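# Structural description and commentary
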Amino acid sequence: MEVRYTDIDYFVFSDAAALVATGKSPFERSTYRYSPLLAFLLIPNLILHQSWGKLLFSSADLLVGLFVDIILKLRSVPETLRLLSVAVWLFNPFTFTIGTRGNCEPIVCAMILWIIICIMNGKVIQAAFWYGLVVHFRIYPIIYALPFVLVLNNQHARPRECILKKGSPRSGVTDPSSRARVVKPSTTSWKQLFCPWDLLRSNITINSFLFGLISGSIFFFCTALFFKLYGWEFLNEGLLYHLTRTDPRHNFSIYFYHIYLHHQHKFSLVEKLISFLPQLMVQLALIFRFAADLPFCLFLQTVAFVAFNKVITAQYFVWFFCLLPLILPWSSMKLKWKGLICISLWMGSQLHWLLWGYILEFKGQNVFIQLWLASLLFLAANTVILLMVIHHHKFSRVFSPSLSAPDSTDTKKLD
Amino acid sequence: MLLNAANFSSSILFWRSKVFLFLLWGIVSLKVDSFVLQNDVKRSHPNIVIELPCSQKYLTGYFYEKHGQILESDFHGLAQEVGSDELSRSLVHSLKDVFGFSELNRHLIGEGSHRSLVTNFKLNIKPNDMSWLNNHYCQVVVIERLPIGVFADPFELQHLVEHQVFLDVAVIGDTNLELPSALSNKSVVEVHMNTTHNVLSRQSEITVELPLHARYPPLDVAGYSKIEFNQPDLLMRCKSQVTQRDFCSWILTGWSDDTHKNGIFWLVPCGNMEHTTLVSSITFISALVSALLIVLSVICRSTNEDMKNS
């Protein structure tokens, strides 16, 4: 059986680029469900070379490695640890094949990391611009809106006055003197959960307001522009499809069999809300607890978002693989043996699912129940790993609040 | 001596009967050959010829554009609709017994949700009419009406055309690759193949291997859904190389459906509606439990750190 290396999506992008080059709508290509921007980006596929897109995605992949390095430098991580973390992204066999196979996820990852860098450097307007663009490109980064806003508030300072908190990397590595500037994690943001008025009051600072305004404007501008060009097709295929997607075909999600068993009748509102509830609970809990340690919060949010989503495909894993190197220096989990256990658990449950998936799809046997149980196991593995990562992480804020901030009295620095 | 004579005469008798049987077999086989040709081309209806401009590449596409539906077996109706003129009427007459299809064999190869439908048949040409065929450029057309439960990937088929496995191919109807059967419609595949009649062979064997994929079937307690395939329609599409007319003739030679009753069916695994309550409840409970565990761990961790640092 001939198994192609290039992802089927790459042909979809190329065909859409060909349509756009002749002035037609990229949505005439069936299963094209991305922003028209991607089709525009891939026009050189026709002019220069068919592999232009792959080169672009692979360059974005390398750029992600560079950004990881920049972020860790900004957080004063010692060199060896930093390089190891960058290697975790660059040499991850799953992620470096993604770009060369023609998948556009590295571009999204590069944009997300650039936004983090901009926020850390205090460039709020630039961060907002890229954020609006990335949400237009791929809907999922909308889950990062609240942590970005909270972080921009917790600093309570104008961009020029940003004070970057020195990270507290894993003990026992290179520099003992830079070790453990333990800061009491801000419980203010946690308490604010129960005082909504305080939350609202403290959240409306100039930075978060600007961020919300600019990113929202960019998003609506892009949506309006492409709606004007391509009409309802763009809205249905490029936007609404992702929000209402219920694919009954088998995938890693625990909901697939439930959706298949119900596909012949519509879902009630109650059912839709029930499946949304666990996702919402977890996202809110993670945001309000960990927002100050931005990369850690984003990582946990992404893992949880993917695990509780209605549809999970393998390319979604790249979304949190790019954030993993950003949290490794602060994890007290060693590779032997807890690290290896986590990796084996995650990969093992995935392989187990793939085995049953193979039997169903390529051997034609009815193993729906076994496959569904395998997906439950995958969720359990993801949950265990999340719990372990949370337990072993040294929480460290990205910004320390300035002295004029009301919650600065909570901050203690032990030298 | 008498015994020897008896032996000799019995052996002559034996050989004579053998020769006689041999001759009989020879005569019968010759007769059977042409008999088979006639039998296979035994018509359920007379020759049907549909004349369309050569710019119309696909018969099913033409029908779909005009009627918005898949072309069923009513070629006769289509022929009447298109109308015929003197030339096509004479063509119909001249095509009597020129060629026919025989020995249709079909089977599915592969396992699971992705299989290939293999159609084997023979194209027979009467030797006296080779001149007619030499004046025309002909293609074999196979029209495969797919049941709702399967679909053909147009992009995959286009890839096969690029690799010259087929001359041309079109998929008309519901080509959605993602929806389950319950939300899908019928589709039809039209495959054009090259003929090898130029090599002056009376009979050429043609094999069409069509890659197909199963859709997610409707729910069934049995656990498997049975998809049955109908017989295909075999036509010839010929263009005259002698005249200047830009018209192509689509010729249906009256294919008898009774020759082979190949009941091909494909078993596709499907969900069991009796599982619904159990699956849904356990799914939601698992999601809720996992979510609660994570939320609790987040709360505990913050409480612990509060206590540690106070």
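Predicted, not measured: the structure shown is a model, and the values here were computed from it. Every chain is numbered independently, its residues counted from 1 as its sequence is written. Whichever chain is written first is A, and whichever ligand is written first is 1; the rest continue in order. Confidence filtering applies because this is a predicted model: local features only for residues at pLDDT of at least 70, side-chain atom pairs given and counted only at 80 or more, and all residues used for totals across whole chains, interfaces and linings. Water and hydrogen atoms were dropped before computing side-chain values, which therefore reflect all heavy atoms in the structure.

### Some thoughts on the sheet that holds strand S8 (residues 203-214) of chain B
All names here are of chain B. Counted only if it meets this: Strand pairing requires that DSSP identify at least two bridges connecting the strands. Helix and strand assignments follow DSSP, with helices taken as H or I runs no shorter than four residues and strands as E runs no shorter than two, numbered in order from the N terminus.
Read from one edge to the other, the open sheet built from four strands follows the order S2-S3-S8-S5, with strand pairing classed as antiparallel. Two strands in the sheet have a free side with no partner beyond their single neighbour: strand S2 (99-109) and strand S5 (150-151). Direction of pairing for S5 relative to S8: antiparallel, over a ladder of two bridges. Looking at S8, one finds that Val150 is bridged to Ala214.

### Describing the state of the cysteines
Residues and elements named next belong to chain B. Applied cut-off: Count a disulfide wherever a pair of cysteine sulfur atoms falls within 2.5 Å. Partly exposed describes any residue whose relative accessible area lies between the buried limit of under 20% and the exposed limit of over 50%, with all areas from a 1.4 Å probe on protein chains only and scaled to the type maximum.
Counted by the stated rule, this structure contains two disulfides over all chains. A sulfur-sulfur separation of 2.0 Å characterises the disulfide bridge that pairs Cys54 with Cys248. Residues Cys54 and Cys248 share a disulfide whose torsion about the S-S bond is about 105°; that sign makes it right-handed. One end of the pair, Cys54, is in the loop between strand S1 (48-53) and helix H2 (59-67); the other, Cys248, is in strand S11 (residues 247-252), with 194 residues separating them in the sequence. Accessibility assignment for this pair places Cys54 and Cys248 in one class, buried. For chain B, the disulfide bridges join cysteines in the arrangement 1-4, 2-3, where the cysteines are counted in sequence order.

### Focus on the packing of aromatic side chains
All names here are of chain A. Let me state the cut-off plainly: Working definition: a ring pair exists when centres of Phe, Tyr or Trp rings (six-membered ring for Trp) sit within 6.5 Å. Plane angles under 30 degrees give stacked, over 60 give edge-to-face, the rest tilted.
Counting across every chain of the model gives 43 aromatic pairs over all chains. Seen from their ring centres, Phe27 and Tyr230 are 6.2 Å apart, and the 70° between their planes marks the pair as edge-to-face. Taken together, the positions of Phe27 in the loop between helix H1 (8-21) and helix H2 (36-41) and Tyr230 in helix H12 (residues 206-230) put the pair 203 residues apart, joining distant regions of the chain. Residue Phe27 is classed as buried on the basis of its relative accessible area, which comes to 5%. On the numbers, 5.3 Å between centres and 35° between planes, the contact of Tyr260 with Phe368 is tilted. One end of the pair, Tyr260, is in helix H14 (residues 256-261); the other, Phe368, is in helix H20 (residues 368-391), with 108 residues separating them in the sequence.

### Concerning the confidence of the model for chain A
All names here are of chain A. Note the cut-off: Values of pLDDT, ranging from 0 to 100, describe the predictor's confidence in every residue of the model. We call two residues in contact when some of their heavy atoms are within 4.5 Å.
Taken as a whole, chain A shows an average pLDDT of 83; of its residues, 84% reach a score of 70 or greater. Ignoring residues within four places in sequence, the model shows residues 156-168, a span with pLDDT below 50, making 37 contacts including any to other chains. Confidence drops under pLDDT 50 across residues 403-415; counting only partners more than four residues distant or on other chains, this segment forms 23 contacts.

### Comments concerning the interface of chain A and chain B
The condition is simple: Simply put, the buried area is the total loss of 1.4 Å probe accessible area from both parts when two parts are fitted together. A pairing counts as a salt bridge when a side-chain nitrogen of Lys or Arg comes within 4 Å of a carboxyl oxygen of Asp or Glu. For this scheme, ten residues count as nonpolar: Ala, Val, Leu, Ile, Met, Phe, Trp, Tyr, Cys and Pro. Four count as charged, namely Asp, Glu, Lys and Arg, and the remainder, Gly too, count as polar.
Each partner contributes to the interface: chain A provides 57 residues, whereas chain B provides 46 residues. Here chain A packs against chain B, burying approximately 4,600 Å² in sum over the two surfaces, 66% of which is carbon and sulfur. Taken together, the links from chain A to chain B amount to two salt bridges. Residue B:Glu178 is joined to A:Arg33 by a salt bridge in which the shortest nitrogen-to-oxygen separation is 3.1 Å. Sorting the residues of the side of chain A that touches chain B by element identifies H14, helix H15 (269-290), helix H19 (335-362) and H20 of chain A as the ones contributing at least two each. The element best represented in the side of chain A that touches chain B is H15(A), accounting for eleven residues. Across the side of chain A that touches chain B, the residue classes break down as 29 nonpolar, 15 polar and 13 charged.

### A word on the UniProt feature "transmembrane region" (unreviewed entry) in chain A
Residue and element names in this part refer to chain A. Defined as follows: UniProt positions are given in the numbering used here, feature names are shortened, and annotations may be inferred rather than shown by experiment.
Those residues carrying the UniProt feature "transmembrane region" (unreviewed entry) are residues 105-122, 129-150, 206-227, 298-328 and 371-390 in this numbering. Taken end to end, residues 129-150 is 68% helix and 0% strand, and its first and last C-alpha atoms sit 18 Å apart. The span residues 298-328 is 58% helical and 0% strand by assignment, and the distance between its end C-alpha atoms comes to 13 Å.

### Digging into the pairing of strand S10 (residues 233-240) of chain B
Residues and elements named next belong to chain B. With seven of eight residues buried, S10 is to be regarded as a mostly interior element. Where strand S4 (residues 136-146) meets S10, eight bridges bridge the pair, whose relative direction is antiparallel. Looking at S10, one finds that Tyr137 is bridged to Lys239. Across four bridges, the pairing between S10 and S11 is antiparallel. Paired with Lys239 across the strands is Cys248, a residue of S11. The hairpin formed by S10 and S11 contains six residues between the paired strands.

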